[in-house]
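Now for the letters of each chain:
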Amino acid sequence: MSSTTPPHIDQPIEPAAPAQGAEQHGAGAHSDGGWDAPDKKIPVQTRSERFQSGDLEAFPTVTGREVNWKFAPLAKLQPLLDGGLDGSAYRFLARQSDGADVEWGRSDDPRVGTAGLPEDRAAAAAWTARDAVLAVTVKATEAHEFITITRSDFGTQPRAAHTVITAEPHAQGIVVLDNRGSALLSENIEIVVQDGARLTVVSLQDWDDDAVHVSTHFAEVGRDAFLKHVVVSLGGDVIRVNPSTHLGAQGADTEMYGVCFADAGQYIEQQVYVNHDAPNTRGRVNYKGALQGKGAHTVWIGDVLIGRAGDGTDSYEQNRNLVLTDGTRADSIPNLEIETGNIEGAGHASATGRFDDEQLFYLQARGIPEEEARRLVVLGFLVEVIQKIGAPELEERLIAAVEQELAEGRSVIVAPAEADA
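It should be emphasised that the depicted structure is a prediction, and the values quoted were computed from it without experimental measurement.

A. Local environment of the pattern of salt bridges. Under the criterion given, the structure shown has 21 salt bridges. Between Asp224 and Arg223 there is a salt bridge, and its shortest N-O distance comes to 4.0 Å. Arg223 gets classed as partly exposed once you look at its relative accessible area, which sits at 43%. Note that Arg375 and Glu372 form a salt bridge whose closest N and O atoms lie 2.4 Å from each other. Here the residue Arg375 and the residue Glu372 both occupy positions in helix α4 (residues 370-386), the gap between them amounting to 3 residues, near one helical turn.

Below you can see the structure in the form of C-alpha cells.
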C-alpha cells in the first residue's frame, strides 16, 4: 500500500529534559552541552555518561574535536546540524502482513521517547524538527509478521524523520526499512520490544551516490525479549548509522549485525552501543566491512557497558574489515566497560587486513582463477552477516548487490602485478 501525505501537524512544546545529576566529588555533572561554563569542562569518559536531550539548543556547535564526531566529514553533514529541517510526513511504500500496522501519528505521540533520547546534535536537530511520527506496530499473533517500508522520495533538501517500531508482548516479526534514491536526511528510530517478543529490524541503506544519511536508533528490550538488529550500508555518499540497545529487563537478549561495502570516496560510519542493565542479559555484536577504491573510509566504534545490575551477563562484540585496494582507511575502536564481576563472560575484538593468502592459494590450487577466488573470499566474508537476516528474498537481493559492487570494482581488485602485466 502507498501512503498519502497527511496535513501539517503542529509541533508541540518539548518536555523539559531530565536533570543530569548533582555534584560528584566536587565536580560538575558530565555533559556534552554547556561547555562555556568553566565548571562544566569535564570530558565524558564513557558512553553511558553522555548528555541526553531532545532540545537542539542544549548541544553546542559541532567542531569535529568531539570523540563521536572526530572522523566524520562535517562539511557534508553541516546542513543536518544547523536545525531548520523539514520534519513533515513523507511518502513511502509499505508491504505488510495482517498482524502489523503502519500509520502516521502526531509529533506528540506518547510513544516518542520511550526507547531513548538524542545524544548528539544531529539526532537532536531531527528530534526537534519532527512534525509527524511514523508508527509501526507488530501485533502478537500466531504468525511471524513481515513489514517492508520502502522510502525513496526524500529529495535533496535537508529533512528529518522519526519512526517508532513497537513489538507487542510475545509478538514475532521482521521490519525492513529499505532506503533508496537521493536524500539529505537526519532521523531517529525508536524500537520497543516488549516482554517476550522477538523482533528483527533491518535498516538497508541502498541510496543513490549523492545521499547523506544520519540515523540514530534507540532500542529498549523487555523481559525475556529478543531483538535482532541488522544494518546494511551499500549506496550513498555519507552514511552514519548509530544503533544503541538498552537491555533493561531480566533475560533481555540482542544480536546486532552490520555489513558495509565502501567504494572510492564513500564514508560509512557505525557507532554501536549495548547497555547490559539487568541480570542475565545476552549481547552479540558482529559488524563486517569491505573497502575498495581511493578514499573509501569506514568507521566502527563499539561500546559495551555491563552495569552494576548486570549479573550473569554474556556479551561479546567484534568488528572485521577487509581491505581490497590501497588508498582506503578503516577505523575500528571496540570499548568494553564492566562494573560487576559476577558475569558469564564478556569480550571484544577488532581486526583489519587484506586477503588471506592461504585462502586464495587453496582456491587457486583447485583451478579457480585469482580474480574469481578473490570474489568468492569477499562474498564469503560478507554473506556470513547477510544470512543472519532471516528473509531469503532480501538476502538474495543483498548478495546480488555485493556481487555488483565487486563487478564494478574488479579492475582494482586484481593484484597490482597482474594489473601491470
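Now that the structure has been shown, the text picks up again.
B. Examining the confidence of the model for the protein chain more closely. The predicted model of the protein chain averages 88 in pLDDT, with 86% of residues at 70 or higher. Counting interchain partners and residues more than four positions distant, the pLDDT-below-50 stretch residues 1-39 has 70 contacts. Note on residues 410-421: pLDDT is under 50 here. Beyond four places in sequence and across chains, it has 13 contacts.

C. Summary view of the layout of surface pockets. A volume near 280 Å³ is recorded for the second largest pocket. Contributing to the lining of the second largest pocket are 16 residues, with Asp209, Leu234, Gly235, Asp263 and Glu405 lying nearest its centre. Looking at the lining of the second largest pocket, the elements with two or more residues in it are β10 (226-235) and α5 (392-408). Here the lining of the second largest pocket gets 4 residues from one element, more than from any other, and that element is α5. Looking at the lining of the second largest pocket residue by residue, the class counts come to 4 nonpolar, 5 polar and 7 charged.

D. A look at unusual backbone geometry. At Asp224, a residue that is not glycine, the phi angle is positive and equals roughly 55°. On the secondary structure map, Asp224 appears in the loop between β9 (212-221) and β10. Backbone geometry places Asn280, a non-glycine residue, at a positive phi of 60°. For Asn280, the position within the fold is in the loop between β13 (267-276) and β14 (282-291). By relative accessible area, Asn280 is classed as partly exposed at 44%.

Cut-offs applied
Residues numbered from 1 in each chain as written. Predicted model: local features only at pLDDT ≥ 70, side-chain atom pairs only at ≥ 80, totals over all residues. Heavy atoms only, no water. Salt bridge = Lys/Arg side-chain N within 4 Å of Asp/Glu carboxyl O. Buried < 20%, exposed > 50% of the residue type's maximum accessible area, 1.4 Å probe, protein only. Helix = DSSP H or I, 4+ residues; strand = E, 2+ residues; numbered from the N terminus. pLDDT = per-residue confidence, 0-100. Contact = heavy atoms within 4.5 Å. 1 Å grid on protein atoms, 1.4 Å probe; cavity = no way out; pocket = protein on both sides within 12 Å on 5 of 7 lines; lining within 4 Å. Points joined across faces, edges and corners; volume = space filled by probe spheres on them. Nonpolar A, V, L, I, M, F, W, Y, C, P; charged D, E, K, R; others polar.

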